[in-house]
Amino acid sequence: MSTMESLIGMVNRIQRACTVLGDYGGAEGALPTLWEALPSVAVVGGQSSGKSSVLESIVGRDFLPRGSGIVTRRPLVLQLHKTDDGKPDYAEFLHLPKRRFSDFSLVRKEISDETDRITGKTKQISPVPIHLSIYSANVVNLTLIDLPGLTKVAVEGQSDSIVQDIENMVRSYVEKPNSIILAISPANQDIATSDAIKLAREVDPSGERTFGVLTKLDLMDKGTNALDVLEGRSYKLQHPWVGVVNRSQADINKSVDMIAARQKEREYFENSPDYSHLASKMGSEYLAKLLSKHLESVIRARIPSITSLINKTVEELESEMNHIGRPIAVDSGAQLYTILELCRAFEKIFKEHLDGGRPGGDRIYGVFDNQLPAALKKLPFDRHLSLQNVRKVVSEADGYQPHLIAPEQGYRRLIEGALNYFRGPAEASVDAVHLVMKELVRKSIGETQELKRFPTLQSELAAASYVALEKFRDDSKKTVLRLVDMESSYLTVEFFRNLPHEVEIGNNPANSTAKGANPAAPPVDRYSDGHFKRIATNVSAYILMVSETLRLTIPKATVHCQVREAKRSLLNPFYAQMGRKEGKQLGQMLDEDPALMERRVQCAKRLELYKSARDEIEAVSWAR
């Protein structure tokens, strides 16, 4: 096989592999793909311009549907693969990958049937392409795209927009920079009215991608010829015009085969007084070779950019594969190792949140610095130490016998009642830290990329973490409430010893000289408002001292019982459970999302395709 055949054959194989994986642009393709980067030939022409006959002449087989009006209603991506002499011809459809067609009349029928599957038995069109590969020793390696014929008016059974719909579909193929335009025009019509040339001129004004083909030369009026067009005087292209003579309807009716038709075409040009001097550059065989040769030159010029696209895509696919993750081993030891590694990855991110490497842990400090002090300030001490309540508590504490020197029991009851208020903020602080840590667990699981593959493991990990956090919360609540109870259990005596002593006079003036009284202290009536206000002031000062102590110790207890324990042993019970599970149970925890598994399979196939394409291109490039 020649270098040219190897090069174009390589492109055909890559394009076919792309279509098998659905990695092609088609009429609706928006992203550049390897399929689109590789050049192909788009066949464009008006209805009844002879497009189908030209394609059949190039292929050497009668395989396309025929009829009046719009026959081609879906794009046909036709890949020709040259085989060794002596091997039988056959065809394959992408939608029927396991079936070979050696009877080409069945190929024609399948094209019609497959068209009807999408469009129904109507005259509507669809941009969804049909992919057909033909293997024959009588073809050159080419990729041709047969497109619906351009039309000027809608006929019965077609929508009013079909004229524009067809043009938009055809345009989507021919305006791609790697598309070679094969513009088909009938010779028995004025070239100025050619729909194919008009569209080609709009998308390829320089004409460097356009090949002009004149059909129906044998149907021109006697005494006229198409030399002005074929010799480039009427409309000049960068590439030479090629004239072809297709089979007549009589030949088709007689089932004249393509080999005989090609011979008849050669004889027409050789014996024509008008075209004999151009005979060597006319005919469908010459057209196929011309396209193949041009395709080779385009491919050679595109190799650096194609290779660059492939290398970039391979990098992206490998990155995606690493992101998705490799398949999981089936043995229990490897599965347990995988689970532990995933847990460690989660724990690392969770600790980063707590330690400040990632945002979120600062909210715990916000509980201690803002929420707790604000809650302590809002405690109803003003109501508890109101004159009326102090009088009531002190009086009740004395019982039937009034206090002799100072209302100690009244003090104790007032203080103990006030200290009970601290239980609420203490518990609220613990709960607030618990909620923050639960949110950090959820956030850390979401940020652990490796875990996204395994929804079951995610839920199990979250459940185990929440159970552990609840245990830490319960321990923390017990500790902070114990701190409050400790303040109630033992009052700081020194605080009260440092208060100034007062002399109570009651109703008996003799009490003013009672033994042990401090003459320097102002006498006080234990039934006066001033006395109870002074008690309230003393209790309030003590409560403020305790409040400041708890403001400092509650965060310490919370961090010790919740944050520190979560960093140190959040998943310890979970690890113990994993060690007791069997292989089947471990496998169930590593069940992946089916969509992700399918994504990995498709990504692996595309990666294999692009690497294979790179190897083929490099091999052909070195062979140059």
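Note that the structure is a prediction, hence the values are computed from the model and not measured. (Residues numbered from 1 in each chain as written. Predicted model: local features only at pLDDT ≥ 70, side-chain atom pairs only at ≥ 80, totals over all residues. Heavy atoms only, no water.)

*Asks:* Sorry, what's going on with the environment of Asn 178 here?
*Replies:* Inspection of the secondary structure assignment puts Asn 178 in the loop between helix H5 (162-174) and strand S7 (179-186). The exposure class of Asn 178 is buried, given its relative accessible area of 16%. Considering only alpha carbons, one finds Asn 178 and Ser 40, 138 residues apart in sequence, at a separation of 7.0 Å. When residues no more than four places from it in sequence are discounted, the contact partners of Asn 178 are Glu 36, Ala 37, Leu 38, Pro 39, Ser 40 and Arg 302. Within the structure, the side chain of Asn 178 is placed 2.5 Å from the side chain of Arg 302, a separation counted as a polar contact. (Helix = DSSP H or I, 4+ residues; strand = E, 2+ residues; numbered from the N terminus. Buried < 20%, exposed > 50% of the residue type's maximum accessible area, 1.4 Å probe, protein only. Contact = heavy atoms within 4.5 Å. Polar contact = N/O pair within 3.5 Å; in protein donor to acceptor, adjacent residues only side chain to side chain.)

*Asks:* Sorry if this is basic, but what is going on with the sheet that holds S7 here?
*Replies:* Hydrogen bonds between backbone atoms are what pair the strands of a sheet, whose relative direction is either parallel or antiparallel. Read from one edge to the other, the open sheet built from 9 strands follows the order S4-S3-S5-S2-S6-S1-S7-S8-S9, with strand pairing classed as mixed. Each having just a single partner strand, strand S4 (96-101) and strand S9 (242-243) make up the two edges of the open sheet. Pairing of S7 with strand S8 (residues 210-215) involves 6 bridges; the strand directions are parallel. Bridge pairing in S8 places Ile 184 opposite Val 213. With respect to the sheet, helix H10 (residues 284-324) is in contact with strand S1 (40-45), strand S6 (142-146), S7, S8 and S9, its orientation differing from that of S7 by roughly 155 degrees. (Pairing = 2+ DSSP bridges. Axes fitted to C-alpha atoms, helices over the stretch in contact; angles between N-to-C directions.)

*Asks:* Can you walk me through empty space enclosed by the protein in this structure?
*Replies:* Where empty space is left can be seen by rolling a probe of water-molecule size over the atoms. The tally for this structure, following the rule as stated, stands at 2 cavities of 30 Å³ or more. Counted as a void, the second largest cavity has a volume near 40 Å³. Taken together, Ser 57, Val 245, Asn 246, Arg 247, Met 258, Ala 261, Arg 262, Glu 265 and Ser 284 make up the full set of residues lining the second largest cavity. In terms of residues, the lining of the second largest cavity owes the most to one element, helix H9 (residues 258-271), which gives 4 residues. A class-by-class count of the residues in the lining of the second largest cavity yields 3 nonpolar, 3 polar and 3 charged. (1 Å grid on protein atoms, 1.4 Å probe; cavity = no way out; pocket = protein on both sides within 12 Å on 5 of 7 lines; lining within 4 Å. Points joined across faces, edges and corners; volume = space filled by probe spheres on them. Nonpolar A, V, L, I, M, F, W, Y, C, P; charged D, E, K, R; others polar.)

*Asks:* I would appreciate a short explanation of the layout of surface pockets in the present structure.
*Replies:* Within this model, the second largest pocket holds a volume of roughly 560 Å³. Surrounding the second largest pocket, 25 residues form its lining, Ser 48, Gly 50, Ser 53, Arg 66 and Lys 216 being those nearest its centre. Breaking the lining of the second largest pocket down by element, the ones donating at least two residues are helix H3 (51-59) and helix H8 (249-253). In terms of residue count, the dominant contributor to the lining of the second largest pocket is H3 (3 residues). For the lining of the second largest pocket, the residue count by class is 6 nonpolar, 14 polar and 5 charged.

*Asks:* Can you help me understand the pairing of S7 in this one?
*Replies:* Side-chain direction in a regular strand flips from residue to residue, so the side chains alternate between the two faces of the sheet. In terms of burial, S7 is a largely internal element, 8 of the 8 residues being buried. Burial of the side chains of S7 extends over both faces: Ser 179, Ile 181, Ala 183 and Ser 185 are buried on one face and Ile 180, Leu 182, Ile 184 and Pro 186 on the other. With 6 bridges joining them, S1 and S7 adopt parallel strand pairing. Bridged to Val 44 within S7 is Ala 183. Between S7 and its parallel partner S8, the chain crosses via helix H6 (residues 195-203), and the hand of that crossover is right-handed. (Right-handed = clockwise from strand over helix to strand, strands pointing away.)

*Asks:* Honestly, the side chain of Arg 209 in this entry has me stumped. Any pointers?
*Replies:* Checked against the element boundaries, Arg 209 lands in the loop between H6 and S8. In terms of polar contacts, Arg 209 uses its side chain to reach the backbone carbonyl oxygen of Val 203, at 3.2 Å. Look past the residues within four positions of Arg 209 in its chain and what remains in contact with it is Val 174, Glu 175, Lys 176, Pro 177, Ser 179, Ile 180, Ile 181, Val 203 and Asp 204.

*Asks:* I tried to follow the packing of helix H11 (residues 332-355) against helix H20 (residues 572-580) on my own but got confused; where do I start?
*Replies:* A pair of packed helices can be characterised by two numbers: the angle between their axes and the separation between those axes. At a minimum axis distance of 11 Å, the contact between H11 and H20 shows a crossing angle of 170 degrees. On the basis of their axis angle, the class for H11 and H20 is roughly antiparallel. On H20, the residues that touch Leu 336, Ile 339, Leu 340, Cys 343, Arg 344 and Glu 347 of H11 are Phe 574, Tyr 575 and Met 578. Considered class by class, the residues forming the contact of H11 with H20 number 7 nonpolar, no polar and 2 charged. (Parallel < 35°, antiparallel > 145°, perpendicular 65-115°, else oblique.)

*Asks:* What should I look at first to understand the packing of H3 against H10 in this one?
*Replies:* H10 packs onto H3 with a crossing angle of 80 degrees between their chain directions and a minimal axis gap of 8 Å. Judged on the interaxial angle alone, H10 and H3 are roughly perpendicular. Taking contact as the criterion, the partners of Val 54, Ser 57 and Ile 58 in H3 are, on H10, Ser 284, Leu 287 and Ala 288. Grouping the amino acids of the contact of H3 with H10 by side-chain chemistry returns 4 nonpolar, 2 polar and no charged.

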